[in-house]
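Listed below, chain by chain, are the residues.
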Amino acid sequence: MLPVLLVEDDEDIRTLAEWSLRSTGLAVVACQSGRQALQELELRAFALVILDMMMPDMSGCDVMREMHSRFDGDAPPVAIFSARPRDVIMRDCAGLHVAAILSKPFEPVEFSNQVHRLVEQQP
């Protein structure tokens, strides 16, 4: 199974999210910035990208636009990871395919269950 790419600038949130996914058997590559995520995407394939919306270097929507520009149809699905309201996320990411929205704050077991369901939906 391909790993999941977790992109989150907040170290505490990233650590908890990564732990919750690893503890249920998922392989995870964790990044703290959009630019780092794009570098990881150049190196390997991922089953899913879990992408924070608000990061200092690039917004989650900017990362998605760059992913689609670089990888076109080969870009992995993206789950937005954010505390922002759903309608704001969808407005900001208009024209981009968002596979799911994972809410913050999050409960680790439910978060990992949601991610497992998303990964299992992939061909």
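Provided above is the structure to which this section pertains.
Basis of the calculations
Residues numbered from 1 in each chain as written. Predicted model: local features only at pLDDT ≥ 70, side-chain atom pairs only at ≥ 80, totals over all residues. Heavy atoms only, no water. Disulfide = S-S within 2.5 Å. Helix = DSSP H or I, 4+ residues; strand = E, 2+ residues; numbered from the N terminus. Buried < 20%, exposed > 50% of the residue type's maximum accessible area, 1.4 Å probe, protein only. Axes fitted to C-alpha atoms, helices over the stretch in contact; angles between N-to-C directions. Parallel < 35°, antiparallel > 145°, perpendicular 65-115°, else oblique. Left-handed = near helix turned anticlockwise from the far one by under 90°. Contact = heavy atoms within 4.5 Å. Nonpolar A, V, L, I, M, F, W, Y, C, P; charged D, E, K, R; others polar.

**Thoughts on the state of the cysteines**
Thinking step 1. Under the definition given, this model contains 1 disulfide.
Thinking step 2. With a sulfur-sulfur separation of 2.2 Å, Cys61 is cross-linked through a disulfide to Cys93. An S-S torsion of about -80 degrees defines the bridge between Cys61 and Cys93 as left-handed. With Cys61 in helix 3 (residues 60-71) and Cys93 in the loop between helix 4 (86-92) and strand 5 (100-103), this residue pair connects regions lying 32 residues apart in the sequence.
Thinking step 3. In this structure Cys93 comes out as buried when scored by relative accessible area, which is 2%.
Thinking step 4. This cysteine, Cys31, is not joined by any disulfide, and Cys61 carries the nearest cysteine sulfur, 18 Å off.

**Things to note about the packing of helix 2 (residues 34-43) against helix 3**
Thinking step 1. Where helix 2 contacts helix 3, the two axes come as close as 10 Å, and the packing angle between them is 25 degrees. Classified by the angle between their axes, helix 2 and helix 3 sit roughly parallel to one another. Once helix 2 is placed against helix 3, the crossing between them reads as right-handed. Residues Gly34, Leu38, Leu41 and Glu42 of helix 2 lie in contact with helix 3, whose contacting residues are Val63, Glu66, Met67, Arg70 and Phe71.
Thinking step 2. Its residues assigned to classes, the contact of helix 2 with helix 3 comprises 5 nonpolar, 1 polar and 3 charged.

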